2 protein chains.
Amino acid sequence: MQIDWIRTEAPGGRPVYQQIADAVRAAIASQRLADGARLPTIRQLARQLGVHRDTVATAYEALAAEGVVESAVGRGTFVSARSPSPGAGAAPSFHPTLAPLVERLLDFERARPRFGSSPDAVALHALVPDPSLYPAEAFRRALNRALARGGPELLLYGSPQGDPGLRELLARRMREAALPVDPDELVLCHGASQGIALALRLFCGPGDAVALEEPTYNNALGAALALGLRAAPVPMRGDGVDLERLEQTLARPEVKAFYTIPTFHNPMGTTTDLDHRRALLEVAHRAGVPVIEDGYEMDLRFEGAPVPPLAGIDASGMVVHLFSFSKSLFPGARVGAISARGRLREALLALKQASDLSDALPLQVALAEFVSSGEYDRHLLRLRRVLRARRDALCDALAERMPEWARWTRPEGGYQVWLELFGEIDTHDLLADAVAAGVLFAPGSQFYHDGRPSSAMRLSFAMADEEALRRGVARLSEVVANRLRDGTPVATRVPV
Amino acid sequence: MQIDWIRTEAPGGRPVYQQIADAVRAAIASQRLADGARLPTIRQLARQLGVHRDTVATAYEALAAEGVVESAVGRGTFVSARSPSPGAGAAPSFHPTLAPLVERLLDFERARPRFGSSPDAVALHALVPDPSLYPAEAFRRALNRALARGGPELLLYGSPQGDPGLRELLARRMREAALPVDPDELVLCHGASQGIALALRLFCGPGDAVALEEPTYNNALGAALALGLRAAPVPMRGDGVDLERLEQTLARPEVKAFYTIPTFHNPMGTTTDLDHRRALLEVAHRAGVPVIEDGYEMDLRFEGAPVPPLAGIDASGMVVHLFSFSKSLFPGARVGAISARGRLREALLALKQASDLSDALPLQVALAEFVSSGEYDRHLLRLRRVLRARRDALCDALAERMPEWARWTRPEGGYQVWLELFGEIDTHDLLADAVAAGVLFAPGSQFYHDGRPSSAMRLSFAMADEEALRRGVARLSEVVANRLRDGTPVATRVPV
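Cut-off values and rules
- Numbering of residues starts from 1 in every chain and runs along the sequence as written.
- All chains are assigned letters beginning at A, and all ligands numbers beginning at 1, according to the order in which they are written.
- A pLDDT threshold of at least 70 governs which residues receive local features in this predicted model, and a stricter bar of 80 or more applies before side-chain atom pairs are shown or counted, although totals over entire chains, interfaces and linings include all residues.
- As a rule here, side-chain values come from all non-hydrogen atoms in the structure, and water together with hydrogens is ignored.
- Any two strands with at least two DSSP-identified bridges between them are counted as paired.
- Numbered from the N terminus, helices here are DSSP runs of H or I no shorter than four residues, and strands are runs of E no shorter than two.
- Here, two residues are considered to be in contact whenever any of their heavy atoms come within 4.5 Å of each other.
- Think of each axis as a best-fit line through the C-alpha atoms, taken over the contacting stretch in the case of a helix, with angles from 0 to 180 degrees between the N-to-C directions.
- The term salt bridge refers to a side-chain nitrogen of Lys or Arg lying within 4 Å of a carboxyl oxygen of Asp or Glu.
- Whether a residue is buried, partly exposed or exposed follows from its accessible area with a 1.4 Å probe, protein chains only, as a fraction of its type maximum: under 20%, in between, or over 50%, in that order.
- The labels follow the angle: roughly parallel below 35 degrees, roughly antiparallel above 145, roughly perpendicular from 65 to 115, and oblique for the rest.
- Less than a right angle of anticlockwise turn of the near helix away from the far helix marks a crossing as left-handed, whereas a clockwise turn marks it as right-handed.
- Nonpolar residues are Ala, Val, Leu, Ile, Met, Phe, Trp, Tyr, Cys and Pro. Charged residues are Asp, Glu, Lys and Arg, and all others, Gly as well, are polar.
- Computed with a 1.4 Å rolling probe, the buried area is the accessible surface lost when two parts are put together, summed over both parts.
- Two N or O atoms form a polar contact when they lie within 3.5 Å of each other; inside protein one atom must be a possible hydrogen donor and the other a possible acceptor, and for residues adjacent in sequence the pair counts only when both atoms belong to side chains.
- Least-squares superposition of the copies uses the C-alpha atoms of those residues scoring a pLDDT of at least 70 in each of them.
- Here, nonpolar core refers to any group of buried Ala, Val, Leu, Ile, Met, Phe, Trp, Tyr and Cys residues whose side-chain atoms link them within 4.5 Å.
- Expected helix span is computed as 1.5 Å times (number of residues minus one).
- Between the rings of Phe, Tyr and Trp (Trp by its six-membered ring), a pair exists once the centres lie within 6.5 Å; its type follows the angle of the planes, with under 30 degrees stacked, over 60 edge-to-face, and the other angles tilted.

1. Quick notes on the sheet that holds strand S13 (residues 416–420) of chain A
Residue and element names in this part refer to chain A.
Now for step 1: Spatially, S12-S13-S16-S15 is the arrangement adopted by the four strands of the open sheet, whose pairing is antiparallel. Only two strands of the sheet have a single neighbouring strand rather than two, namely strand S12 (407–408) and strand S15 (442–443).
Now for step 2: Here S15 pairs with strand S16 (residues 456–460) via two bridges, running antiparallel. Pairing of Ala442 across the sheet is with Arg458, part of S16.

Next up, the structure:
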């Protein structure tokens, strides 16, 4: 079947899936495709247009979501009988023109790997703390006490800055972690994820660029993209960012801030030492570019000596520091904090107010209760013990199962190991096999701003216990071995 | 004392207060102003520079916040002894360059009226529901039950779309309110305030314009400003927006969306009829411009027949509807909802995820419990009764006390009355007298994108009971009468 009613535009225009969807809509409107008509198969259309099958599938999914077409498993895709057509007297459907930024964000979201929900699969992909470790009952009691004591006043709008009691407690903990901060310099926010977006907005307007490590936290890439910022990637080199390349990047006038994860880097799991941190601050200071330090796993060191955070070493106020309870406790309270001084603090409050006025006081006050009662520290003791054992189980299993040239990091805290396979493997291409084999991982490509192929992957020991980690690595090593047998060339170079 | 170390730039450059603060910093750095030196008084400097005293005060406050200067009541402002100076060996202080958008947002925030916290003052300024009416105990029990039943799973990240149970309940309520919506077409968000920001981002990128009624909700103006959007104001005319002017405005190519509050308009309290709504949708449809309908007071009608929301009348999917519990229950749960179809819903989810990943499930599930148990409807019955009595008390007091040419609206729901005094009064100028007399109101100027003087004010009956409303209006009428005796010219024209 030759499809003559669709042509795609020159590259660089609208996303191809949209062009396909529009062509189908137009063909229906012009009666070229009648109600009930069968659409070409995804494979046919992809071949004819020379595009990836996923692109066609996305177009068909979008049309199905609008009710324009219907899919029947094994039969194909058909024009809906109830499809609105101009002649049918139905209300004309509105085809919104989304902001170009939003179109780009949708493309970014579509590129995220989708994981099936096989209950048996070992989940090494997600950086979400294990719910079986949450002190949910203790938190419920803290929340209940807080609301009983606080009464209706807790249900008012909070100040955009957040509960003073929790800020006081956090400032004390930060001071003990070599991060001198005044409670008044903290702005509570909706998890570190909102903290990233707010901190970026402090310095960067649309069209500006933000320097960031590559690989880096994929949701930081999403936040920057959604704000209309360009990524100015700086490669990781060893445990931290390449400082020479950082200096070059920060010298570019459009680069207005540098986002970094110096401790238990996501996705790499590495931590920089004091010398690297001092040198990094020197570079930033010379360039006059502020630093956004993501300290989301600050409380999760299970081994080795802590290194002071950048914000604690810097005395000039050029480092904005992000904290979150989402990884050290649980994400469901949606509480994080940003530390910033002077005008930065004032500007953060204005941005927070313009974003959503304020956060939910009951959860902040419950967390304050939970922290001050000692429950949080008790939880951390247990969690760190569990994480250390899991880290050992994962790294031992990798040593036992993976090819000899593979390399991985050995984090002293947090949840993630970066496994590098080298050569021409794109780990994204292993994902389907891995899902079939019952193990999920995060392909390296998703931590690059342009989604480029990566021979590495992030393995998380957040959700899987030791037994599951061993099972998962065994399955993963089979997938890798099979792919190697299939002939994918693998270089045997080792990291420098 | 002639101050020769400060000059302000030509208009259009950086905010003047910043130029002043920078000049002071530079004078300290160059030792022109020594530690402990006295700065010129606010009055002196304002006179010399030909700027408002508030501008100088803002500069001095910013410097004091940084610790650069110190103020002593009755003595003046001095260079701090501990002020960091380059020669003193202290760490050089970082003077951040904020994104230009943020500077504009800070200027907008500074223009908000500041209200003293006199406990005796009658609060007619704030649109915050009265905490003495919150069913806080019932909500605490619902939250406690929800957490006990839901356990650790409730403390995971939720989906960006929010709890399916609450969406189901909300969709049912909306259908009963003539707004046919599927649970899958709802995206829960962090109050309608976040809903406004997300909905604007769907259609408008930096540099685009959003059409909005004037006067309008001041935080919507702030949200647009923070996103780098220009306001394209359309005047209110009677109960709703002037449709001819709307048509002209929506024809401008940079206008990408129209934000409107058709029911219990904020700040005016008015509601448009079905004919106006149909005509408005016609205008929007002809222009191809989507509509963002703020339905934040949907559940608060205490009189008269409900008018279907725009999103219920429109069948094309061009209306994005916002709902919130913040005014009908309490703001502290920070739960609102956006209804949107097809690609709009998909884009909203991507924007929500890039903003803060997801909201707190415990509060959403507790609200679902609270709604399904009937507690929410019981609360609404009581609240509407109270609000109606307060509306009557406020309007009766205005009729008794205000000059005969004054006019005000009589809302059929919600919390606010718009009082128009006409003539050359700028109600912002009455604020200091009113605070001194023990009554607070929201000056009309804050509901205009450019903060232009307004002879109107918003009076809220959210927080004050009937007795307090009568007392407040009595005080307010004295303030107005005094100002008239002082000779402010007052026109006696009446509204057309």
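2. Points about the sheet that holds strand S12 (residues 407–408) of chain B
Working definition: the strands of a sheet are paired by backbone hydrogen bonds and lie parallel or antiparallel to each other.
Residue and element names in this part refer to chain B.
Now for step 1: As summarised here, the arrangement of the four strands in space is S12-S13-S16-S15, forming an open sheet in which the pairing is antiparallel. In the strand order of this sheet, the two ends are held by S12 and strand S15 (442–443), each with one partner.
Now for step 2: Taken together, the two bridges between S12 and strand S13 (residues 416–420) define a ladder with antiparallel strand orientation. Note on S13: the bridge partner recorded for Arg407 is Glu420.
Now for step 3: Set on the sheet, helix H14 (residues 375–401) makes contact with S12, S13 and strand S16 (456–460); between it and S13 the angle comes to about 15°.

3. A word on the pattern of salt bridges
Residues and elements named next belong to chain B.
Now for step 1: Here the structure, examined in full by the defined rule, presents 56 salt bridges over all chains.
Now for step 2: For Glu369, the salt bridge is made with Arg145, and the minimal N-O distance between the two is 2.5 Å. Within this pair, whereas Glu369 is found in helix H13 (residues 361–372), its partner Arg145 is found in helix H5 (residues 136–150), the two being separated by 224 residues in sequence.
Now for step 3: Under the relative-accessibility criterion, Glu369 is labelled buried at 13%.

4. Some thoughts on the packing of helix H7 (residues 191–203) of chain A against helix H12 (residues 342–356) of chain A
Residues and elements named next belong to chain A.
Now for step 1: Viewed as axis vectors pointing N to C, H7 and H12 meet at an angle of 120°, and their least axial separation amounts to 10 Å. On the basis of their axis angle, the class for H7 and H12 is oblique. Crossing geometry of H7 relative to H12 is assigned as right-handed. Touching Gln194, Leu198, Ala199, Arg201, Leu202 and Phe203 of H7 are Leu344, Ala347, Leu348, Leu351, Lys352, Ser355 and Asp356, all from H12.
Now for step 2: For the contact of H7 with H12, a count of residues per class yields eight nonpolar, two polar and three charged.

5. Description of the interface of chain B and chain A
Now for step 1: The interface of chain B with chain A comprises 84 residues on the first partner and 85 residues on the second.
Now for step 2: Across the chain B to chain A interface the summed buried area is about 6,800 Å²; carbon plus sulfur atoms make up 68%.
Now for step 3: When the buried area of chain B at its contact with chain A is split by residue, Phe94, Leu155 and Arg343 of chain B rank highest and sum to 13% of it.
Now for step 4: The salt bridge involving Glu346 of chain B is made with Arg110 of chain A; its shortest N-O contact spans 3.2 Å.
Now for step 5: Summed over the shared surface of chain B and chain A, the result is 26 residue pairs in polar contact (both at pLDDT 80 or more).

6. Focus on the relation of the copies chain B and chain A
Now for step 1: Rotating chain B by 180° and translating it 0.1 Å along the rotation axis places it on chain A, where the RMSD comes to 0.2 Å. This pairing of chains is accounted for by a two-fold axis.
Now for step 2: Both copies present the same face, since 100% of the interface residues in chain B are matched by interface residues at the equivalent positions in chain A.

7. So, the environment of Arg252 of chain A
Now for step 1: Relative to the assigned elements, Arg252 of chain A resides in the loop between helix H9 (243–250) and strand S8 (255–260).
Now for step 2: Take Arg252 of chain A: its relative accessible area is 34%, and that puts it in the partly exposed class.

8. Things to note about the environment of Pro443 of chain A
Residue and element names in this part refer to chain A.
Now for step 1: Its place among the elements puts Pro443 in strand S15.
Now for step 2: Residue Pro443 is classed as buried on the basis of its relative accessible area, which comes to 0%.
Now for step 3: Considering only alpha carbons, one finds Pro443 and Leu419, 24 residues apart in sequence, at a separation of 9.8 Å.

9. With respect to the nonpolar core
Now for step 1: By size, the foremost hydrophobic cluster in this structure holds 278 residues, and its most contacted members are Phe325 of chain A together with Phe325 of chain B.
Now for step 2: Setting aside chain neighbours within four positions, we find Phe325 of chain A in contact with Leu166, Leu170, Phe330, Val335, Leu367, Val371 and Tyr376 of chain A.
Now for step 3: Listed in part, the 19 residues of the second largest apolar core include Tyr17, Ala46, Val56 and Ala59 of chain A.

10. A few points about helix H16 (residues 466–485) of chain B
Residue and element names in this part refer to chain B.
Now for step 1: The terminal C-alpha atoms of H16, which comprises 20 residues, lie 29 Å apart, in line with the 28 Å expected from a rise of 1.5 Å per residue.
Now for step 2: Inspection of H16 places Ala468, Leu469, Gly472, Val473, Ala474, Arg475, Leu476, Ser477, Val479, Val480 and Arg483 among the buried residues, and these make up the whole buried set.
Now for step 3: Where H16 is buried, its residues touch strand S3 (122–123), H14, S13, helix H15 (431–437), strand S14 (439–440) and S16.

11. A look at the side chain of Thr77 of chain B
Residues and elements named next belong to chain B.
Now for step 1: With respect to the helices and strands, the residue Thr77 is situated in strand S2 (residues 76–79).
Now for step 2: Overall, the relative accessible area of 10% leaves Thr77 in the buried class.
Now for step 3: Those residues in contact with Thr77 that lie beyond four places of it in its chain are Ala37, Arg38, Leu39, Tyr60, Val69, Glu70 and Ser71.

12. Structural notes on unusual backbone geometry
Now for step 1: Glu214 of chain A connects to Pro215 of chain A through a cis peptide bond whose omega is 0°.
Now for step 2: Counting through the fold element by element, Pro215 of chain A comes out in the loop between strand S5 (209–214) and helix H8 (218–226).
Now for step 3: With an omega dihedral of 15°, the bond running from Asn266 of chain A to Pro267 of chain A counts as a cis peptide bond.
Now for step 4: Summarising the element assignment, Pro267 of chain A is placed in the loop between S8 and helix H10 (274–287).
Now for step 5: Look at Leu357 of chain A: it is not a glycine, yet its phi comes out positive at around 70°.
Now for step 6: Taking the relative accessible area as the measure of exposure, Leu357 of chain A reaches 11% and is therefore buried.
Now for step 7: Although it is not a glycine, Phe422 of chain B sits at a positive phi angle of roughly 65°.

13. Brief notes about the packing of aromatic side chains
Residues and elements named next belong to chain B.
Now for step 1: All chains considered together, the criterion is met by 13 aromatic pairs over all chains.
Now for step 2: Judged by centre distance (5.6 Å) and plane angle (55°), the ring pair of Tyr134 and Phe330 falls under tilted. Pair noted here: Tyr134 is in the loop between S3 and H5 and Phe330 is in the loop between strand S10 (319–324) and strand S11 (336–339), with a separation of 196 residues, a long-range link.
Now for step 3: Residue Phe330 is classed as buried on the basis of its relative accessible area, which comes to 1%.
Now for step 4: Arranged with centres 5.0 Å apart and planes meeting at 75°, the rings of Phe139 and Phe330 form a pair that is edge-to-face. Placement of the pair is Phe139 in helix H5 and Phe330 in the loop between S10 and S11, with a sequence separation of 191 residues.

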